[in-house]
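# Coordinates in review
Residue-level listing of the chains:
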Amino acid sequence: MMENNKQIIADAYGKAMDAEYDAILAEDETEPHQFSERFEEKMNDLINGDASEKKGASRRRLRPIWLIAAAVLLLAATACAVPSIRKSIAGFFVKMFGDHVEYTDPDITKDRIEEEYELVPIPEGFELNTESGSKTRTLRYEDDKGRYIILIQTVDTEIQLSVDNEEGEFSEQTIANKSCRMYISDDGSQASWIENGYFFSMTCSAGVDITNMIECVRTIDE
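Worth saying up front: this structure is predicted, and the values here are computed from it rather than measured.

## Looking at the overall build of the protein chain
Broken down by element type, the protein chain carries 4 helices and 13 strands. Put simply, 51% of the contacts in the protein chain that link residues at least 6 apart link residues at least 24 apart. Carbon together with sulfur atoms contributes 48% to the accessible area of the protein chain, which is approximately 13400 Å² in total.

Have a look at this one:
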């Protein structure tokens, strides 16, 4: 009888998990997944069991309950981890996840930094701090109000840039012949592009107007 009960639990759980997993793969992963009422009811039935059963049977159910919980967590993690879109935009690949976007595999043709790019002229009120490496050059501009502009120039083909996608909007724009992937939100803005064999990324804090940011992208020069 106990073996029959275990098999019934396993079969019911398997069917519920299969149906829910298919639903996750079919939906747009850029939205947080909501488990169906039928799935949640099935899980509640499996976890709660029959209240009239003896304590000994409840103990024997402990292991399958932990397995169910672990499987549900794995299913939820899978829904957030699988990108819904992976395509090439502005010279690099864009992978869209539930709460962020990753830029990978940039079309870099340089193997070292031969020309050094910066903002010309430096925006009024900002000062420059420079951090250089063999493959990546980082310029941070700051003003006395705490606002900042960070410009990254790199030849590192393994670079992976993560951009939050929960609060703002993405767009593709052409700025001074640069094909840019841009993200604009109330918390700041970000632009990425390929130019002369380098991968560039510019991040601006809140308070840097989008018009000023676009002008900064436009004025980057050697």
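From this point, the narrative continues.
## Here's the deal with the environment of Asp 111
Mapped onto the fold, Asp 111 is located in the loop between β3 (100-104) and β4 (118-119). As a C-alpha pair, Asp 111 and Val 155 span 44 residues in sequence and 5.8 Å in three-dimensional space.

## Comments concerning the pairing of strand β9 (residues 169-175)
Relative to strand β10 (residues 178-185), β9 runs antiparallel, the two being bridged by 7 bridges. Residue pairing across strands places Phe 170 opposite Tyr 183, the latter belonging to β10. Counting the residues that bridge the hairpin from β9 to β10 gives 2 residues, and of these Ala 176 lies at a positive phi of roughly 50°.

## Regarding the pairing of strand β8 (residues 161-164)
Only one face of β8 is buried, namely the one carrying Leu 161 and Val 163, since none of Ser 162 and Asp 164 on the opposite face is buried. Across 4 bridges, β3 lies against β8 in antiparallel orientation. Bridge pairing in β8 links Tyr 103 to Leu 161.

## Observations regarding the pattern of salt bridges
Enumeration according to the criterion identifies 10 salt bridges in this entry. Residue Glu 102 is joined to Lys 95 by a salt bridge in which the shortest nitrogen-to-oxygen separation is 3.8 Å. The class for Glu 102 is buried, based on a relative accessible area of 12%. For Lys 95, a relative accessible area of 18% translates into the label buried. For the salt bridge of Glu 116 with Arg 137, the shortest nitrogen-to-oxygen distance reads 3.5 Å. With Glu 116 in the loop between β3 and β4 and Arg 137 in strand β6 (residues 136-142), the pair connects residues that are 21 residues apart, well separated along the chain. A single salt-bridge network, built from bridges that share partners, covers Lys 110, Glu 114 and Glu 115.

## Let's talk about the environment of Asp 209
Along the chain, the position of Asp 209 falls in the loop between β12 (198-205) and α4 (210-218). Exposure remark for Asp 209: the relative accessible area of 39% places this residue in the partly exposed category. Taking the C-alpha atoms as reference, Asp 209 lies 8.9 Å from Ser 189; in sequence the two are 20 residues apart.

Rules and cut-offs
Residues numbered from 1 in each chain as written. Predicted model: local features only at pLDDT ≥ 70, side-chain atom pairs only at ≥ 80, totals over all residues. Heavy atoms only, no water. Helix = DSSP H or I, 4+ residues; strand = E, 2+ residues; numbered from the N terminus. Contact = heavy atoms within 4.5 Å. Areas by Shrake-Rupley, 256 points an atom, 1.4 Å probe, with all protein chains shown as cover. Pairing = 2+ DSSP bridges. Buried < 20%, exposed > 50% of the residue type's maximum accessible area, 1.4 Å probe, protein only. Salt bridge = Lys/Arg side-chain N within 4 Å of Asp/Glu carboxyl O.

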